[in-house]
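# Geometric and topological summary
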Amino acid sequence: MSALLDHLPEFWQGLVVTLQLTVASFAGAAVVGLVITAMRVSPVGVLRGIGTAYVETFQNLPLLVLLVLAVFGLPEIGLKADLLVTAMIVIALYEAAYIAEALRSGVNAVSAGQGEAARALGLTFGQSLRHVVLPQALRTVIQPVGNIFIALTMNTSLAAAVGVVDLTAAANRVNLMEAQPIPIFVGAGLAYALIAACAGFVTGRLERRLVVVR
Amino acid sequence: MVSMKRLAAVAAVSMLGLSACAGTDSGSPAVPGEAKGGDLIASAPVAAAADILPGSTMEKIKQRGELIVGGSLDAPLLSQQNPTTGEVEGFDADMGKALAKYIIGEPKVKIVNSASETREALLGNGTVDVVLQTYTITPERAEQVSFAGPYYSSGLSLAVRKGTTGITKPEDLNGKTVIAGANTPAIPAIKKLAPQAKIVTFGSDPECMQALKQERGDAYVQDETLLVANAQKDSSVQVVGSPFTTDPYGIGLKHGDDQFKKFVNDWLKKIQADGLWQKTWKQSLGTVVQGEAPTPPQIGSVPGS
């Protein structure tokens, strides 16, 4: 236990980085995911194609491969950013593919009559998406998006492999000194579990509040 | 472009690795590469039957016919899998083979890929018999595991890009960004000598080198032997100063197994006296370090051993 308590500042530092990674990546993923979903349900064939290609590309490549390519490959062509920023962008782009799929399932859950009614009222594609389809779609996918948030939290630990000192890397470093892997990694695991439990609690509340009664 | 080439190389290497695995299935994978390690292991000693005490760990290993070693597969010069032969080569790997021969009579080793977060647990629950993995003996670790040895003493050194000025000793790293291998003793060492340094870690040595060249950090702290080997291959990087730590590597054993510890220590003394230790060094680490083999460290000479 003392191995854990003696190094609380290090763990705290790591936890802060993990939270930064999680929040920034999720925000980025939500925005990109929304755009991709809009593309995938749009009436323009080219946009649909780009949206599909994006989702297939990012869902079919392991996140670690993307991280390593971005951290070591991009500087070769002159693109170099801070490690934390690189990790945030890569995780955001990767998770956006999953969010886009979740959102699309939500859009599909909105009955076709709603879209037809919106068009009959004279709303444009953007207006019907904004005022009719997406509000209902978003409410249906709160739980799946919450699950993606939790998965994203766990995925941020991969950033430890490319030099970001998040909670996992911090735990590794403490263990290197203390050689007490079980309390140290159980402690780190509990911190992740706490984040996930909070996310679960929030999505549960949101879902009950915003549910669409059909 | 370089990354594409690297990607292609990785793909090619993994293909070779696959075919090598398939190829050795029918043969006897335990026989080491005849060309290199073969004659070395052939001259390795075998324990007298009286030394294998009944009921001891040694007897269990002998009956199993295989020594299970916790080690790395990616540590150049120490324990690295050769992708073309599938054979694990290097100083630590050869020590494992020699120890297996001493106990069993044949160099039959199974390497379980361990990591610094799992070594203590693997020894504690008996998954591996010994750990040979640049395992620095420290008093904290000695509370969890027993250490035979030290069997090798190394030190951390600094590497910088050619033309870097102002970094010659660890204290110069204060306020700088320093690259280190994840899970290496370099991290606590830097924290101690240069508390204001920012440490970035990467999983493997090639990644650290790439990061240094891409200016992700000002210096790279790693075992001197490895750095010397890197600097020889890549002229854009140079090693500065001399080693600033002494890391005595021990053979990790299950905590409290004094019988086995004495047995391994006796074996270490034997191979140091008959020159096998020096020959093993020459064939691995000695290929990049100039001069004769160093004097092996005194067994039991550090706290924790």
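Residues numbered from 1 in each chain as written. Chains lettered and ligands numbered in written order. Predicted model: local features only at pLDDT ≥ 70, side-chain atom pairs only at ≥ 80, totals over all residues.

### Digging into the sheet that holds strand E4 (residues 88-89) of chain B
Residues and elements named next belong to chain B. Strand order across the open sheet formed by three strands is E2-E3-E4, with antiparallel pairing between neighbours. Each end of this open sheet is capped by a strand with a single partner; those strands are strand E2 (74-75) and E4. For E2 and strand E3 (residues 79-81), the ladder comprises two bridges, and the chain directions are antiparallel. Residue Asp 74 lies in a different strand from E3, and its bridge partner there is Gln 80. (Pairing = 2+ DSSP bridges. Helix = DSSP H or I, 4+ residues; strand = E, 2+ residues; numbered from the N terminus.)

### With respect to the domain arrangement of chain B
Residue and element names in this part refer to chain B. You can read the domains of chain B as domain 1 (12-19 + 30-153 + 248-287) and domain 2 (156-240). Computed from C-alpha atoms alone, the centre-to-centre distance between domain 1 and domain 2 is 28 Å. Opposite the seven residues of domain 1 that make contact, domain 2 presents seven residues. Here the side of domain 1 that touches domain 2 is built from residues that sort into four nonpolar, two polar and one charged. (Domains from an automatic or database assignment. Contact = placed C-beta atoms within 7 Å. Nonpolar A, V, L, I, M, F, W, Y, C, P; charged D, E, K, R; others polar.)

### Brief notes about helix H9 (residues 224-233) of chain B
Because an α-helix completes one turn every 3.6 residues, residues spaced three or four positions apart along the sequence face the same direction. Every buried residue of H9(B) is listed here: Glu224(B), Thr225(B), Leu226(B), Leu227(B) and Asn230(B). In the core, the buried residues of H9(B) are packed alongside strand E7 (145-154), strand E8 (156-161), helix H8 (205-213), strand E11 (219-223) and strand E12 (237-240) of chain B. (Buried ≥ 20, exposed ≤ 12 C-beta atoms within 10 Å, placed from the backbone.)

### Let's talk about the environment of Arg208(A)
Positionally, Arg208(A) belongs in helix H10 (residues 181-210). Along the chain, Arg208(A) and Ala159(A) lie 49 residues apart, while their C-alpha atoms are 34 Å from each other.

### Observations regarding the packing of helix H2 (residues 8-40) of chain A against helix H3 (residues 45-59) of chain A
Packed helices, taken two at a time, are described by the angle between their axes plus the distance between the axes. All names here are of chain A. Two elements in contact, H2 and H3, have axes whose closest approach is 7 Å; the angle formed by their N-to-C orientations is 135 degrees. Between H2 and H3, the interaxial angle falls into the category oblique. The handedness of the crossing between H2 and H3 is left-handed. Here Ile 36, Met 39 and Arg 40 of H2 come into contact with H3, specifically with Leu 47, Arg 48, Ile 50, Gly 51, Thr 52, Tyr 54 and Val 55. Here the residues of the contact of H2 with H3 sort into six nonpolar, two polar and two charged. (Axes fitted to C-alpha atoms, helices over the stretch in contact; angles between N-to-C directions. Parallel < 35°, antiparallel > 145°, perpendicular 65-115°, else oblique. Left-handed = near helix turned anticlockwise from the far one by under 90°.)

### Some points on the interface of chain B and chain A
Counting residues at the interface gives 24 residues for chain B, matched by 20 residues for chain A. Of all elements in the fold, only helix H1 (2-24), helix H5 (119-124), helix H6 (139-142), helix H7 (186-193), strand E10 (198-202) and H8 of chain B reach the threshold of two or more residues within the side of chain B that touches chain A. Split by residue class, the side of chain B that touches chain A holds nine nonpolar, nine polar and six charged.

### Digging into the nonpolar core
The biggest cluster of nonpolar side chains holds 130 residues, and the ones touching the most others in it are Ala87(A), Val162(A) and Ile190(B). Here the element with the most residues in this core is helix H5 (residues 83-109) of chain A; it accounts for 16 residues. Summarising the domain contributions, this core has at least three residues from each of domain 1 (12-19 + 30-153 + 248-287) and domain 2 (156-240) of chain B. Look past the residues within four positions of Ala87(A) in its chain and what remains in contact with it is Leu21(A), Leu67(A), Ala159(A), Val162(A) and Val164(A). (Core = buried A, V, L, I, M, F, W, Y, C linked by C-beta atoms within 7 Å.)

### Here's the deal with the sheet that holds E8(B)
All names here are of chain B. Strand order in the open sheet made by the five strands is E10-E9-E11-E8-E12, with mixed pairing throughout. The sheet is open, and its two edges are formed by E10 and E12, each paired on a single side. Shown here is a sheet whose adjacent strand axes are inclined to one another by a mean of 35 degrees, direction ignored. Strand direction decides the pairing type here: E8 and E12, joined by four bridges, are antiparallel. Along E12, the bridge assignment pairs Ala 159 with Val 239. Along the sheet, H7 makes contact with E8, strand E9 (177-181), E10 and E11, crossing E9 at roughly 150 degrees.

### Observations regarding unusual backbone geometry
Residue and element names in this part refer to chain B. Of note, the amide linkage connecting Gly 149 to Pro 150 takes the cis form, showing an omega dihedral of 10 degrees. With respect to the secondary-structure elements, Pro 150 resides in strand E7. The phi dihedral of Thr 134 is positive, around 35 degrees, even though this residue is not glycine. Here Thr 134 lies in the loop between strand E6 (130-131) and H6.

### Examining the confidence of the model for chain B
Residue and element names in this part refer to chain B. A residue-level look at chain B finds 87% of positions with pLDDT of 70 or above and a mean pLDDT of 82. Between the elements of chain B, mean pLDDT differs from a low of 46, seen in H1, to a high of 93, seen in E6. Every residue in residues 12-35 is under pLDDT 50, and counting partners more than four places away or in other chains gives 24 contacts. Taken together, the chains of this predicted complex give a pTM of 0.72 and an interface ipTM of 0.73. (pLDDT = per-residue confidence, 0-100.)

### Looking at the packing of helix H9 (residues 167-178) of chain A against H10(A)
All names here are of chain A. The N-to-C vectors of H9 and H10 enclose an angle of 165 degrees; their axes lie 9 Å apart at closest approach. The angle between H9 and H10 falls in the class roughly antiparallel. In this structure, H9 crosses over H10, and the sense of that crossing is right-handed. Contacts between H9 and H10 involve Leu 167, Thr 168, Ala 171, Val 174, Asn 175 and Glu 178 from the first element and Pro 181, Ile 184, Phe 185, Ala 188, Ala 191 and Tyr 192 from the second. Residue composition of the contact of H9 with H10, grouped by class: nine nonpolar, two polar and one charged.

### Focus on the pairing of E8(B)
All names here are of chain B. Within E8, five of the six residues are buried, which leaves the element mostly enclosed by the surrounding structure. Examined bridge by bridge, E8 and E11 share four bridges and lie antiparallel to one another. Note that in E11 the partner of Leu 158 across the bridge is Val 221.

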